Amino acid sequence: MKIALIGPPKSGKTTIFNALTGADYEVDKYLPAASEANIGFVQVTDERITRLSELYKPKKTIYANIEFHDFPGIFARESDNPETAIYTEIKGSEAFVLILRAFKDEELDQLYSAADPLKMLSHFEDEMILADMLVVEKRLERILHGYQRGIKTPALQLEEKALNLILEQLQANKSIRDLELGPEEAKAVRGFQFFSAKPILVLLNTSESEFKKQEETLSAIRQRGFMAEVIAGKFEQELSSLSEEDAELFLADMGMTLSINDRLTMLCYELLGLISFFTVGSDEVRAWTISKGTNAVDAAGKIHSDLARGFIRAECFGYEAIMEYGSEKHLREKGLFRLEGKEYIVKDGDILNIRFSV
Ligand SMILES: Nc1nc2c(ncn2[C@@H]2O[C@H](COP(=O)(O)OP(=O)(O)OP(=O)(O)O)[C@@H](O)[C@H]2O)c(=O)[nH]1
Ligand SMILES: [Mg+2]
């Protein structure tokens, strides 16, 4: 899963990226914008994998992970062109974490603009809508040009229909994520990777002392339909250099029990509607990430395409059940060891073993 950290210049993206990944990229007010993204992986802590690993004692234990890309500031100047490589790279991610400056800094106020998260959020929404609109208009023009030259296929007509619906939405100054397209239409335009179609988590980056004073801004952002949270980026980065016990004490002081990694990965799962299923055995205990509503055969395909192709049945039991009864043998006796077909909707915490033949 690829998540982009984006935002205006100097909102604290790299600071938060460092806190998340334990990296040590330079952060400084006067540093010019980087020309490429920093990339880092964050392991998704899952207590359940730890427990399963204790039970099965496998050779390998594999947690899920999220790939974070820390981009330089965007949508800052008139001359910033959303058709350049970095913007295309941003559009290639599955979701955005939009980091907005809520910490005070007079120099940054002067160099860039005042810390006004609500205003900045509107600016980002406008820019994303505008950038998408340019793409749609250009494509529609080409399609119509093709029609005039006799190139008119059902696929093109479907795409044109979808693009016109999207254009209408954008012209009403609304994001594509709030538009409900039919499955056919959605498929026809998937390749465009529109900015305003991506799920967004808004993070207010604030100082330690202002951390508890963001409720009003947060609820205003949530009222606009976004998921939003507050983070003390610089403070979190400092914490990442402390021992686990000390960091926990500091966090508890601020009313938090989870590390930035755990909080942010949980939020990303929620944002994207993701869940985990597990595979277990003496070789490997492993977590797999899927969307809510995924059926057994598609879940099998996550593990290997052969498992989907030759899918026969899924042997299935729940994490809670194996923890309660301690062994698969006991689960069988209790009738908690099930056989499920292709259409079974996999649940969070399911443990699957795919029977297949190719
Ligand atoms: N007071 C305070 N300063 C912060 C916080 N987060 C970041 N900063 C400072 O803000 C400046 C910019 O931080 P970066 O993390 O480099 O910001 P960025 O968004 O990555 O910047 P660009 O990539 O250049 O857009 C640095 O001087 C940081 O120390 C914070 O939570 N509180
Ligand atoms: Mg940066």
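The structure presented is a predicted model; accordingly, all values stated were derived computationally and were not measured. Sequence positions are assigned chain by chain, starting from 1 and proceeding in written order. Both sets of labels track the order of writing: A upward for chains, 1 upward for ligands. The model is predicted, so local features are restricted to residues of pLDDT at least 70 and side-chain atom pairs to those at 80 or more, both for listing and for counting; the totals for chains, interfaces and linings are taken over all residues. Computation of side-chain values: all heavy atoms of the structure, hydrogens and water removed.

**What about the packing of helix α5 (residues 117–148) against helix α6 (residues 154–171)?**
Convention adopted: a line fitted to C-alpha atoms gives each axis, helices being fitted over their contacting stretch, and angles between N-to-C directions are expressed from 0 to 180 degrees. Every helix listed is a DSSP run of H or I at least four residues long, and every strand listed is a run of E at least two residues long, numbered separately from the N terminus. Taken N-terminus to C-terminus, the directions of α5 and α6 make an angle of 145 degrees; their axes are 10 Å apart at the nearest point. In this structure, the crossing between α5 and α6 has a hand that is left-handed. Residues Ile129, Asp132, Met133, Val136, Glu137, Arg139, Leu140, Ile143, Leu144 and Tyr147 of α5 touch α6, and the partners they reach there are Leu156, Gln157, Glu159, Glu160, Leu163, Asn164, Ile166, Leu167, Leu170 and Gln171. Under the convention adopted here, Pro, Cys and the residues Ala, Val, Leu, Ile, Met, Phe, Trp and Tyr are nonpolar, Asp, Glu, Lys and Arg are charged, and Gly plus all remaining residues are polar. Split by residue class, the contact of α5 with α6 holds 12 nonpolar, three polar and five charged. With the far helix as reference, a near helix turned anticlockwise by less than a right angle produces a left-handed crossing, and one turned clockwise produces a right-handed crossing. Note on definitions: a residue-residue contact is assigned when non-hydrogen atoms from the two residues lie within 4.5 Å.

**Some details on the pairing of strand β8 (residues 274–279)**
In the case of a regular strand, side chains alternate between the two sheet surfaces. The classification of residues rests on relative accessible area computed with a 1.4 Å probe and restricted to protein chains. Under 20% of the type maximum is buried, over 50% is exposed, and intermediate values are partly exposed. Across the six residues that make up β8, a large majority, six, are buried. Judged by which residues are buried, β8 turns out to be covered on both faces: Leu274, Ser276 and Phe278 on one side and Ile275, Phe277 and Thr279 on the other are all buried. At least two DSSP bridges between two strands are needed for those strands to be called paired. Relative to strand β9 (residues 284–291), β8 is paired through six bridges, and the arrangement is antiparallel. Bridging from a neighbouring strand, Ser276 pairs with Thr289 of β9.

**Digging into the environment of Leu179**
Within the secondary structure layout, Leu179 lies in the loop between α6 and α7 (183–188). Overall, the relative accessible area of 21% leaves Leu179 in the partly exposed class. Sequence separation between Leu179 and Ala197 is 18 residues; the distance between their C-alpha atoms is 8.6 Å. Once residues within four sequence positions are removed from consideration, Leu179 is found in contact with Leu165, Ile166 and Gln169.

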